[in-house]
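Here is what each chain is made of, one letter per residue.
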Amino acid sequence: QVQLVESGGGLVQPGGSLRLSCVASGGISNFGALAWYRQPLGTNQRDAVATIVSGGRAIYRESVKGRFTISADNAKGTLYLQMNDLKPEDSTVYYCVMWDERDYWGQGTQVTVSS
């Protein structure tokens, strides 16, 4: 059973930075795609923030381009999301997601951007 465990969320002032981490039990090398999603406050939908697709190409949501960077360390079995120049509208729960024949979700980590 694959388990994804996120960490790194917290409270940060506008303009600050956080790095989210997601450790996958059994590693990440067998997954076809890796991503970070977030759930806008007051909604039930989850939006893709950044995705690494087959071949290693990264795709970003327009609102985070130039501020967020997704990366993966196969040796550590860990997916990262470096978030810089954080804005209040980035505040929400962030989830890591990984796909092989199905999708696997972490439990989420809260990010709050506030002065």
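Everything that follows concerns the structure shown earlier in this document.
Not measured: the values here are computed from a predicted model.

Trainee: Outline the state of the cysteines, listing residues and values.
Mentor: Under the defined criterion, the tally for this structure stands at one disulfide. Across the disulfide, cysteine 22 is cross-linked to cysteine 96 (sulfur-sulfur distance 1.9 Å). Separated by 74 residues along the polypeptide, cysteine 22 in strand E3 (residues 18-24) and cysteine 96 in strand E9 (residues 92-99) bring together distant segments of the chain. You'll find cysteine 22 and cysteine 96 in the same group, each marked buried.

Trainee: I'd like a description of the side chain of aspartate 90, backed by residues and values.
Mentor: On the secondary structure map, aspartate 90 appears in the loop between strand E8 (78-83) and E9. Owing to a relative accessible area of 1%, aspartate 90 belongs among the buried residues under this scheme. A polar contact of 3.1 Å, which involves the side chain of aspartate 90, links it to the side chain of arginine 38. For aspartate 90, the contacting residues outside a window of four places in its chain are Arg38, Arg67, Phe68, Asp85, Val111 and Val113.

Trainee: Please give an account of the sheet that holds strand E7 (residues 68-73) that cites residues and values.
Mentor: The four strands lie next to each other as E1-E3-E8-E7, forming an open sheet whose pairing is antiparallel. The two strands at the open ends of the sheet, each matched to only one other strand, are strand E1 (4-7) and E7. When the angles between neighbouring strand axes are averaged without regard to direction, this sheet yields 15°.

Trainee: Requested: an account of the side chain of aspartate 47, with residues and values cited.
Mentor: Positionally, aspartate 47 belongs in strand E5 (residues 47-52). A polar contact of 3.0 Å, which involves the side chain of aspartate 47, links it to the side chain of glutamine 45. Setting aside chain neighbours within four positions, we find aspartate 47 in contact with Trp36, Tyr37, Arg38, Pro40 and Arg61.

Parameters at a glance
- Just so you know, the residues in each chain are numbered from 1, in the order the chain's sequence is written.
- Per-residue local features are limited, in this predicted model, to residues with pLDDT of at least 70; the limit for side-chain atom pairs, both in listing and counting, is 80 or more; totals at the level of whole chains, interfaces and linings are taken over all residues.
- Hydrogens and waters are ignored; side-chain quantities use all the structure's heavy atoms.
- By convention in this document, the label disulfide applies to cysteine sulfur atom pairs within 2.5 Å.
- Helix and strand assignments come from DSSP, with helices taken as H or I runs of at least 4 residues and strands as E runs of at least 2, each series counted from the N terminus.
- Working definition: with a 1.4 Å probe on protein chains only, accessible area under 20% of the residue-type maximum means buried, over 50% means exposed, and in between means partly exposed.
- In protein, a polar contact means a hydrogen-donor-capable atom and an acceptor-capable atom, both N or O and within 3.5 Å, with residues adjacent in sequence counting only if both atoms are side-chain atoms; elsewhere, any N or O pair within 3.5 Å suffices.
- Contacts are assigned to residue pairs with any non-hydrogen atoms lying within 4.5 Å of each other.
- Should DSSP find at least two bridges between two strands, the strands are taken to pair.
- Axes here refer to lines fitted to C-alpha atoms; in helices the fit is confined to the stretch in contact. Angles between the N-to-C directions go from 0 to 180 degrees.

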